[in-house]
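# Per-entry structural report
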Amino acid sequence: MRGAGGVLSVVCCALVAALVVGASAAAAPAYGPPAGWADLAPLALTSTDFPGSRIASQGYVKPDTDSLVEYDRTILNATIAGKRTFLIENDLDVFKRVSDADFLIAALPLGLQLEATRIGREYGKETGLKITYTKVGKAQGLGVGNDSVAIVLHMGTKAGEIRIIFAVARVGSLDSLIVFAGLPKAQLGITHAKLLARTSVSRIRSGLLPQSTAAPTITGNLAVGQTLTAGTGNWLNFPVTYTYQWQRCDAAGANCVPIPGATAQTYVIAPGDAGFTLDVVVGATNVYGSASATSAPTGVVPPESPPPAG
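Please read all numbers here as calculations on a predicted model, not as lab measurements.

## Section: the state of the cysteines
Applying the stated rule across the entire model yields one disulfide. Here C249 engages in a disulfide with C256; their sulfurs sit 2.1 Å apart. One disulfide, between C249 and C256, carries an S-S torsion of 110° and so falls in the right-handed class. Note on C256: relative accessible area 28%, which makes it partly exposed.

## A closer look at the sheet that holds strand β11 (residues 227-231)
The strands that make up a sheet pair up through hydrogen bonds in the backbone, lying either parallel or antiparallel. Spatially, the three strands line up as an open sheet ordered β10-β11-β15, and their pairing is antiparallel. The outermost strands of the open sheet, each flanked by one partner alone, are β10 (217-219) and β15 (266-268). For this sheet, the mean angle separating the axes of adjacent strands, direction not counted, is 25°. For β11 and β15, the ladder comprises three bridges, and the chain directions are antiparallel. Each bridged residue has a counterpart across the sheet, and for T227 the counterpart in β15 is V268.

## Observations concerning the environment of A139
Here A139 lies in the loop between β5 (133-136) and β6 (147-156). Taking relative accessible area as the criterion, A139 reaches 33% and is therefore assigned partly exposed. Measuring from C-alpha to C-alpha, the distance between A139 and P109 comes to 6.3 Å, with 30 residues separating the pair along the chain. A139 has contacts with P109, V149, A150 and I151, leaving out every residue within four places of it along the chain.

## Brief notes about the sheet that holds strand β16 (residues 277-286)
Here four strands make up an open sheet; going across it, the order is β14-β13-β16-β17 and the pairing antiparallel. Looking along the sheet, the strands with just one partner apiece sit at the ends: β14 (257-258) and β17 (289-294). Of the pairings in the sheet, the one linking strand β13 (residues 241-249) to β16 comprises nine bridges and is antiparallel in character. From the neighbouring strand, C249 faces β16, where its bridge partner is T277.

## Overview of helix α3 (residues 190-207)
Taking 1.5 Å per residue as the helical rise, α3 with its 18 residues ought to reach 26 Å, and the 25 Å between its terminal C-alpha atoms agrees with that figure. Taken residue by residue, α3 has I190, H192, A193, L196, A197, S200, V201, I204 and G207 as its buried positions. Within α3, the buried residues cover an arc of 155° as seen down the axis, which keeps them to one side. Looking at the buried residues of α3, the elements they touch are β3 (79-80), β4 (83-95), β6, β7 (162-171), β8 (174-182) and β9 (211-214).

## Describing the pairing of β17
With six bridges joining them, β16 and β17 adopt antiparallel strand pairing. Bridged to G283 within β17 is S292. The turn linking β16 back onto β17 is made up of two residues.

## Things to note about the nonpolar core
What tends to happen in soluble globular proteins is that the nonpolar side chains get buried as a cluster. L40, F50, I88, L142, L174, F180 and L196 are the most contacted members of the largest nonpolar core, which totals 37 residues. Counting only elements with at least two residues in this core, the list comes to β2 (67-76), β4, β6, β7, β8 and α3. Here this core takes six residues from α3, the largest share from any one element. If you look at the next biggest cluster of nonpolar residues, it comprises 23 residues, including I164, V168, L177 and A181.

## What about the pairing of β7?
Remember that side chains alternate between the two faces of the sheet whenever the strand is regular. Most of β7 sits inside the fold, with 10 of its 10 residues counted as buried. Here β7 shows two buried faces, one formed by I162, I164, F166, V168 and R170 and the other by R163, I165, A167, A169 and V171. Bridge count between β6 and β7: nine bridges; the pairing is antiparallel. Within the sheet, the bridge partner assigned to D147 lies in β7 and is R170. Hairpin connection, β6 to β7: the antiparallel pair is bridged by five residues, and G160 has positive phi, about 130°. Pairing of β7 with β8, which is carried by eight bridges, proceeds in the antiparallel orientation. From the neighbouring strand, I165 faces β8, where its bridge partner is F180. Linking β7 to β8, which pair antiparallel, is a turn of two residues; within it G172 sits at a positive phi near 60°.

## Details of unusual backbone geometry
Phi angles above zero are rare outside glycine, and A81 is one such case at about 50°. Assignment of secondary structure puts A81 in the loop between β3 and β4.

About the thresholds
- Residues numbered from 1 in each chain as written.
- Predicted model: local features only at pLDDT ≥ 70, side-chain atom pairs only at ≥ 80, totals over all residues.
- Heavy atoms only, no water.
- Disulfide = S-S within 2.5 Å.
- Buried < 20%, exposed > 50% of the residue type's maximum accessible area, 1.4 Å probe, protein only.
- Pairing = 2+ DSSP bridges.
- Helix = DSSP H or I, 4+ residues; strand = E, 2+ residues; numbered from the N terminus.
- Axes fitted to C-alpha atoms, helices over the stretch in contact; angles between N-to-C directions.
- Contact = heavy atoms within 4.5 Å.
- Expected span 1.5 Å × (residues − 1).
- Arc of directions from axis to C-beta.
- Core = buried A, V, L, I, M, F, W, Y, C linked by side-chain atoms within 4.5 Å.

Now the structure itself:
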């Protein structure tokens with residue numbers, strides 16, 4: 001993983017470059033979500049969050065040493081609560097461990113202190129503005145995600161103060177780094193960081209819920225007294241627990257009603273199931289929340305065979 005200063009340096013270089021050239025970039029074909037993870041692209045802040053804005057660059061990039069995957073998106077000409085920005089950069093990093101994801105939040109204040117002068121120098125070089133001072137504000141929590149922090153970097157220019165806001169929100173083992181810069185005298189601050197971080201965290205939490213990619217299955221002999229077994233199906237985003245609810249449905253597999261007490265992975269077909277179909281709802285839970293998927297219905301359960309004549 002890059003040091004905090006290195007992360008800030010890379011982000012700020014991308015920020016000033018996007019400001020000056022406004023070029024588009026395609027996703028890097030060699031990178032993408034790691035096996036078992038959903039696509040991160042829908043989770044990043046995007047132009048539809050800011051009417052009138054446009055995407056300058058987006059795509060997966062080579063991840064840091066301790067990062068499984070990184071997805072970056074840069075948005076130009078966005079407005080946040082009436083304040084115009086040069087751009088917004090949103091980088092999503094998925095880490096192997098929560099402790100790795102916590103690193104940037106812990107190191108951001110020191111890293112920004114170390115890099116502030118360089119950021120100002122690079123910003124001035126790329127924009128042609130004379131930066132008269134740089135000042136790092138106080139680190140503040142945003143009250144979103146599992147942990148978060150935001151810091152304002154103040155830069156003096158002849159046209160007025162420019163503010164660059166650095167914010168990080170952690171959700172599980174994913175960091176959402178948000179960096180945005182305002183026009184001179186735009187007075188952007190922590191309040192605007194909170195708005196962006198709330199949107200980002202909400203989208204991440206919903207996007208990283210378990211996602212079914214293959215429906216649950218039912219195996220076993222379809223006869224009264226026989227045992228059926230539910231298969232979980234296939235899921236993205238690493239569910240850690242599963243729940244089961246068997247249902248009795250009509251002959252067409254519709255109008256399903258949960259069977260009281262039938263919440264194990266297996267189900268013994270009861271006499272009352274004859275003439276009906278059955279299905280099973282599998283619930284999957286991970287660190288982000290829960291989702292469910294339903295199997296296809298079985299065939300119609302045949303009537304119970306009469307006992308042999310004695």
